[in-house]
Amino acid sequence: MAIRLLDDRVVSQIAAGEVVERPASVVKELVENALDAGATFIQIEIAESGRRRIQVNDDGTGISLDDAPLAVTRHATSKLVSADDLSHIETLGFRGEALSSIAAVSRLTLTSRHRDDEVGLRLRIEGGELLEQAKVGAPVGTMIAVENLFFNTPARKKFLKSDTTEKRVINQIVMNYAMAYPHVRFVLLHDDREVFRSPGTGNFADVVVKVVGLSQFRQMVEVSGQDVVRGHGGTIRVRGFVSEPNLNRKDRTRITLFVNGRAIQDSSLSYAVSQAYHTLLPKGRYPYGVLLIQVPPEIVDVNVHPTKAEVRFEDASVIFSAVQRAVRDVIIGYSQPSLANRRQHSDYNRDWQDEPRLRASQLDFDFDVSDPANQPFEYGGQSQSSVEEGEDQPQRVRTLPVLRVLGQIGAAYIVTEGPAGMYLIDQHGAHQRILYESFKAVLDEADTLVTQPIDTQTIDVSVAENQAIQAHDEMLKRLGFELESFGINTYALRSVPVELAHGDVISGLAHLLEKLQERIDFDTLLMHLADIVAVKRGVILSQDDMQSLIRELEYTPSPKFDAFGDTVILHFSSEQIARQFRT
Ligand code: ADP
Ligand code: MG
């Protein structure tokens, strides 16, 4: 086979594969172009997760009549002239391949009018081929519509992720730019419904609130790092918001970083952020954060990857420590009061928690045949129980021997005595198991848990939380939440599960919404609700509270473990205790 130069069209399609991976990459490139053109308003309309149509309107400078056809030609850019320019890039685009690549794999319509022109121009391109070019009346600015993405590259089309995933990625990209450009007003619509809007006030915090939702924003603190001065007069500046230590999650996906206005992925820098929390977060938990990192353009190379999602620094360790220090400075301040709080309860509490967990099996935990107290209990009369049971109601089956409450230790564990020795009971785990079982029993009979009306609260949620609410509104209703849409990403909360009514309703709901974003089934959600409303460790209980908790536990299925499988009861047999004293 002879070696031939590739046809131009094939070359563009190959290049397109690098830049245009998915609908979200189109959104990204078009938004970047609008920002580079100095837009103050950018509207993004998506139809069918971008498969059918992606349209971006901006009020930027527009493209002049002569330049428009060039704009969709490969390696045509107005932003970069020589290779020298590459070393100090201050625009988002510079490779001049986005528009031509997108045009190569879609049906693209570009309408633009430069602010110095009287009339605008419209181009229609399909699969890289110019079909139409006409002068049209148009407002100053640019509108680009991309339809039927990947219509001529079926392989690429096949590998698109689910609609929800595509939408999520698109939302994230738009929200990222909205945060990085707070003076620009962004509007995002999916299938004609507005899902996000940034105010364009120029105030970074105003946008962050819209992105993370008010309940989370309340738990974030501002980072305003000291300028780190580098050699030739350039400075490194880190500012933004990070979560207080008690707001955390299981991975680093909620750490968003911008370098010179560009959202980047850099595992080393997100490590720097979580590293700043040091011992303040439990193992395997990570903070939330949105950080704007400003560095002199000449020390960062953005031309590492076609999608420009990664950057390389001349001296990565300087940036790393600037980020870590900036975050650490505010976290230190915010962590001490809460640590002090925790100590207040008693040193007991801490000692218990620091102790390696004892395994139930190590303590010959055994309620089975050998223990007479564990024989199915013949329940005669109502003497022991406050629970009145009607004649034909199924009798509740005793699952534990009768336990007498002796006291509480560390404001967390209930000490009881039973027929076969001492039983130490984790108050939180016990209550959580009781609630979970009772929720299940209620749902066996009714459609929803018992709900309680509350004074209506208006809550702002993040876009992701909003999606979770919409996707799982049935589950939330079954739990007893009555939420009514009240504008974009705002809800009126009118009733809640009765057990939550006197607790922190907002953070309880926020916790469940976080779980719902992780695709869980209803039963697991029920466990989380039980976990949220169950009495916490660290709460001092009266003798009566403890006794009634234990009474309930005695009739609860599977009392030895909580709903998540953690140990609730440690049993020390009388023999074991005696043996310990004899040795
Ligand atoms: P790049 O952004 O890397 O220069 P693109 O292919 O994305 O390359 O765009 C090519 C050129 O088209 C840009 O350099 C710019 O001159 C022009 N252009 C694209 N989109 C817009 C827009 N929304 N407003 C003004 N000019 C635009
Ligand atoms: Mg571009």
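Residues numbered from 1 in each chain as written. Chains lettered and ligands numbered in written order. Predicted model: local features only at pLDDT ≥ 70, side-chain atom pairs only at ≥ 80, totals over all residues. Heavy atoms only, no water.

### Section: the nonpolar core
Thought 1: Counting residues in hydrophobic clusters, the biggest one holds 64 residues, and the most contacted among them are Ile44, Leu108, Phe186 and Phe196.
Thought 2: The leading source of residues in this core is helix H6 (residues 163-180), at eight residues.
Thought 3: Two domains each put at least three residues into this core: domain 1 (8-202) and domain 2 (207-348).
Thought 4: If we ignore the near neighbours within four places in the chain, the residues touching Phe196 are Val174, Met175, Ala178, Phe186, Val187, Leu188, Val207, Lys210, Val211, Val463 and Ile488.
Thought 5: One finds Val461, Ala501, Leu512 and Leu513 within the second-largest nonpolar core, a separate group that totals 36 residues. (Core = buried A, V, L, I, M, F, W, Y, C linked by side-chain atoms within 4.5 Å. Buried < 20%, exposed > 50% of the residue type's maximum accessible area, 1.4 Å probe, protein only. Helix = DSSP H or I, 4+ residues; strand = E, 2+ residues; numbered from the N terminus. Domains from an automatic or database assignment. Contact = heavy atoms within 4.5 Å.)

### Focus: the sheet that holds strand S24 (residues 490-497)
Thought 1: Across the sheet, which stays open at both edges, the three strands sit in the order S22-S24-S23 with antiparallel pairing between neighbours. The strands lining the two open edges of the sheet, one partner per strand, are strand S22 (451-460) and strand S23 (482-485). In this sheet, neighbouring strand axes are inclined to one another by 15° on average, regardless of whether the strands run parallel or antiparallel.
Thought 2: The sheet contact formed by S22 and S24 spans seven bridges and is antiparallel. Each bridged residue has a counterpart across the sheet, and for Gln457 the counterpart in S24 is Leu493. (Pairing = 2+ DSSP bridges. Axes fitted to C-alpha atoms, helices over the stretch in contact; angles between N-to-C directions.)

### Notes on empty space enclosed by the protein
Thought 1: Summed over all chains, the structure comprises two cavities of 30 Å³ or more.
Thought 2: Size it by volume and the largest cavity reaches roughly 60 Å³.
Thought 3: What lines the largest cavity is simply Ser215, Ile459, Asp460, Val461, Glu465, Ile506, Leu509, Ala510 and Leu513.
Thought 4: The set of elements that each furnish at least two residues to the lining of the largest cavity consists of S22 and helix H15 (505-516). (1 Å grid on protein atoms, 1.4 Å probe; cavity = no way out; pocket = protein on both sides within 12 Å on 5 of 7 lines; lining within 4 Å. Points joined across faces, edges and corners; volume = space filled by probe spheres on them.)

### Structural notes on the pairing of strand S8 (residues 193-197)
Thought 1: By the bridge criterion, four bridges tie strand S7 (residues 185-190) to S8 in an arrangement that is antiparallel. Paired with Leu189 across the bridge in S8 is Glu194.
Thought 2: Counting the residues in the hairpin turn of S7 and S8 gives two residues, including Asp191, whose phi is positive at 45°.

### Points about helix H2 (residues 23-36)
Thought 1: Between the first and last C-alpha of H2 there are 20 Å, a value that for 14 residues agrees with the 20 Å anticipated at 1.5 Å per step.
Thought 2: Of all 14 residues in H2, 12 are buried, a share of seventy percent or more.
Thought 3: Among all positions in H2, only Pro23, Ala24, Ser25, Val26, Val27, Lys28, Glu29, Leu30, Val31, Glu32, Ala34 and Leu35 are buried.
Thought 4: Of the residues one or two after H2, Gly38 is the one with positive phi, at around 75°. (Expected span 1.5 Å × (residues − 1).)

### What about the pattern of salt bridges?
Thought 1: Summed over the entire model, instances satisfying the criterion amount to 23 salt bridges.
Thought 2: Close ionic contact of Arg51 with Asp163 constitutes a salt bridge, the shortest N to O distance being 2.7 Å. Within this pair, whereas Arg51 is found in the loop between strand S1 (41-47) and strand S2 (53-58), its partner Asp163 is found in helix H6, the two being separated by 112 residues in sequence.
Thought 3: For Asp163, a relative accessible area of 37% gives the class partly exposed. (Salt bridge = Lys/Arg side-chain N within 4 Å of Asp/Glu carboxyl O.)

### Some thoughts on the sheet that holds strand S25 (residues 569-573)
Thought 1: The strand order S19-S20-S21-S25 describes an open sheet built from four strands, whose pairing is antiparallel. Each having just a single partner strand, strand S19 (404-409) and S25 make up the two edges of the open sheet. For this sheet the average axis-to-axis angle between neighbouring strands, irrespective of direction, equals 20°.
Thought 2: Alignment of strand S20 (residues 413-418) against strand S21 (residues 421-426), held across six bridges, turns out to be antiparallel. Residue pairing in the sheet places Thr416 in a bridge with Tyr423 of S21.
Thought 3: Across the face of the sheet, helix H17 (residues 543-554) comes into contact with S19, S20, S21 and S25 while running at roughly 120° to S19.

### Brief notes about the pairing of S21
Thought 1: For S21, a buried count of five out of six residues is recorded, marking the element as mostly surrounded by other parts of the structure.
Thought 2: Once S20 ends, the chain turns through two residues before running back antiparallel as S21.
Thought 3: Pairing between S21 and S25: five bridges, direction antiparallel. By the bridge assignment, Tyr423 is partnered in S25 with His571.

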